[in-house]
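Listed here are the chains, written in short residue letters.
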Amino acid sequence: MEKQHIFLSHDVDWSFEGPSDEHILKRKDRFAEKLFDNISINKLYRNFSEYMEIEEKYNVKSTFFFRTKYENGNYEDYEDDIKNLIKGDWEIGLHTDPSSIDDIEKIKKEKRNLEKIANTKIYGNRVHYLSNNKHLPKKLSELDFVYDSSNKKSKHNITKNDMGFSQIDKIIEFPVTIMDAYLFSYMNIREDKIISIVKETLNSCRQLNSDFKIISILWHDNVLKMKGGRMYPKILEFLSTQDDVIMHKGIELANEIKNN
Ligand SMILES: [Zn+2]
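Quick notes on the packing of helix 8 (residues 194-206) against helix 9 (residues 232-240)
Phase 1: Where helix 8 contacts helix 9, the axes come no closer than 10 Å and their chain directions differ by 40°. Classified by the angle their axes make, helix 8 and helix 9 are oblique. When the axes of helix 8 and helix 9 are compared, the crossing they make is right-handed. Residues I194, I195, V198, K199 and L202 of helix 8 lie in contact with helix 9, whose contacting residues are K234, I235, F238 and L239.

See the structure below:
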């Protein structure tokens with residue numbers, strides 16, 4: 001049976017403290033009302049233990065991309081969370097700042113900073129806001145990254161152009177196939193339609209003409225308790241019922257491609 005590979009990833013866009021209470025309260029309608037009775041506001045955006053629990057239930061591991069430049073806080077605040085994820089065999093990737101991508105020294109510094117607190121080598125890259133340019137893969141390759149996932153051709157559709165992988169300057173590139181934020185903004189998808197969208201996406205992945213049939217899913221760390229974002233466990237539940245689906249963290253999939 002031909003396998004469908006799913007690359008599961010989460011970008012950690014906000015600092016440890018998250019946005020201000022005011023910012024969240026202005027967006028209160030994005031959350032279920034009752035959450036505000038039970039959970040402190042600044043915990044609404046931080047969901048590592050919840051993600052770990054969900055993924056463990058389906059026996060899968062993912063990649064968390066951390067920034068090293070947060071607007072309101074230091075990346076070092078995430079040290080315990082990062083160590084915890086690594087201990088549990090999740091992958092940590094670099095969520096490079098868009099201001100770094102033209103300067104290899106800046107990317108190198110970000111990578112080293114993250115490696116220092118993670119106490120492990122970093123192989124995966126995704127630029128914040130998916131900023132990138134055609135010179136980026138060469139820089140990443142010189143810095144010993146193995147793969148990148150900073151591309152998405154369409155914001156308004158899920159297309160075959162955003163499935164599979166390519167190899168540029170020795171870097172394996174996984175385009176983002178499905179992203180939470182685009183589903184709910186550009187595509188205006190209702191929560192109850194998400195599983196059928198994933199089903200359709202999987203069906204078109206099955207028709208790809210490629211050695212590796214891949215869907216890359218980006219589900220931001222901060223959305224798990226939001227309407228829409230809270231569908232993540234349902235997505236894993238659906239995917240885990242499909243006999244031909246394997247879910248991976250990025251480096252595992254990249255290594256499988258390299259060794260093929
Ligand atoms: Zn980001």
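A look at the nonpolar core
Phase 1: F64, F66, I217, W219 and L239 are the most contacted members of the largest nonpolar core, which has 64 residues in total.
Phase 2: With residues near it in sequence (within four places) discarded, F66 still touches V12, F48, Y78, I82, L85, I92, G93, L94, H95 and L114.
Phase 3: F7, V146, I172 and I257 belong to the second largest nonpolar core, which has 12 residues in total.

Quick word on helix 4 (residues 79-87)
Phase 1: The set of residues buried in helix 4 consists of D81, I82 and L85. Across the axial projection of helix 4, the buried residues extend over an arc of 100°, all falling on one side. Exposed side of helix 4, more than 90 degrees from the buried face: D80 and K87 are the residues found there.
Phase 2: The elements touched by buried residues of helix 4 are helix 3 (48-57), strand 2 (63-66), strand 3 (91-96) and helix 5 (104-118).
Phase 3: Just past helix 4, the residue D89 takes up positive phi, approximately 80°.

Brief notes about helix 3
Phase 1: For helix 3, every residue scored as buried is listed here: F48, Y51, M52, I54 and E55. One side of helix 3 holds all its buried residues, which, seen down the axis, span an arc of 165°. Seen from the open side of helix 3, the exposed residues pointing more than 90 degrees away from its buried face are E53 and K57.
Phase 2: Among the structural elements, strand 1 (4-12), strand 2, helix 4 and helix 9 are those in contact with the buried residues of helix 3.
Phase 3: Residue N59 follows helix 3 closely and has a positive phi angle near 60°.

Details of the pairing of strand 4 (residues 124-127)
On a regular strand, one side chain projects to one face of the sheet and the next to the other, so that they alternate.
Phase 1: The alternating pattern of strand 4 places G124 and R126 on one face and N125 and V127 on the opposite face, and all of these are buried.
Phase 2: Two elements, strand 3 and strand 4, share 3 bridges in a ladder whose sense is parallel. Bridging across to strand 4, H95 finds its partner in R126.
Phase 3: Traced from strand 3 through helix 5 to strand 4, the parallel crossover comes out right-handed.

Things to note about the coordination of the zinc ion
Phase 1: For the zinc ion, every protein donor is listed as D13 (OD), H95 (NE2) and H128 (ND1), and the spread of their distances is 2.1 to 2.2 Å.
Phase 2: Here the donor residues of the zinc ion share one chain and are spaced in sequence as D-x81-H-x32-H. Of the two residues, D13 sits in the loop between strand 1 and helix 1 (21-26) while H128 sits in the loop between strand 4 and helix 6 (136-142), which places them 115 residues apart along the sequence.
Phase 3: Taking the relative accessible area as the measure of exposure, D13 reaches 17% and is therefore buried.
Phase 4: Using a relative accessible area of 4% as the deciding quantity, one classes H128 as buried.

Some details on the pattern of salt bridges
Phase 1: The tally for this structure, following the rule as stated, stands at 16 salt bridges.
Phase 2: Ionic pairing is found between R126 and D11, a salt bridge with its closest N-O pair at 2.7 Å. Here R126, found in strand 4, pairs with D11, found in strand 1; they are 115 residues apart in sequence, far enough to count as distant.
Phase 3: Exposure remark for R126: the relative accessible area of 0% places this residue in the buried category.
Phase 4: Relative accessible area serves as the criterion here: at 2%, D11 is assigned to the buried category.
Phase 5: When the shortest N-O distance is used, the salt bridge between E50 and K225 registers 3.2 Å. Here E50, found in helix 3, pairs with K225, found in the loop between strand 9 (213-218) and helix 9; they are 175 residues apart in sequence, far enough to count as distant.
Phase 6: Exposure remark for K225: the relative accessible area of 12% places this residue in the buried category.

Calculation rules
Residues numbered from 1 in each chain as written. Predicted model: local features only at pLDDT ≥ 70, side-chain atom pairs only at ≥ 80, totals over all residues. Heavy atoms only, no water. Axes fitted to C-alpha atoms, helices over the stretch in contact; angles between N-to-C directions. Helix = DSSP H or I, 4+ residues; strand = E, 2+ residues; numbered from the N terminus. Parallel < 35°, antiparallel > 145°, perpendicular 65-115°, else oblique. Left-handed = near helix turned anticlockwise from the far one by under 90°. Contact = heavy atoms within 4.5 Å. Core = buried A, V, L, I, M, F, W, Y, C linked by side-chain atoms within 4.5 Å. Buried < 20%, exposed > 50% of the residue type's maximum accessible area, 1.4 Å probe, protein only. Arc of directions from axis to C-beta. Pairing = 2+ DSSP bridges. Right-handed = clockwise from strand over helix to strand, strands pointing away. Donors = N, O, S within 2.8 Å, 3.2 Å for Na, K, Ca; no water. Salt bridge = Lys/Arg side-chain N within 4 Å of Asp/Glu carboxyl O.

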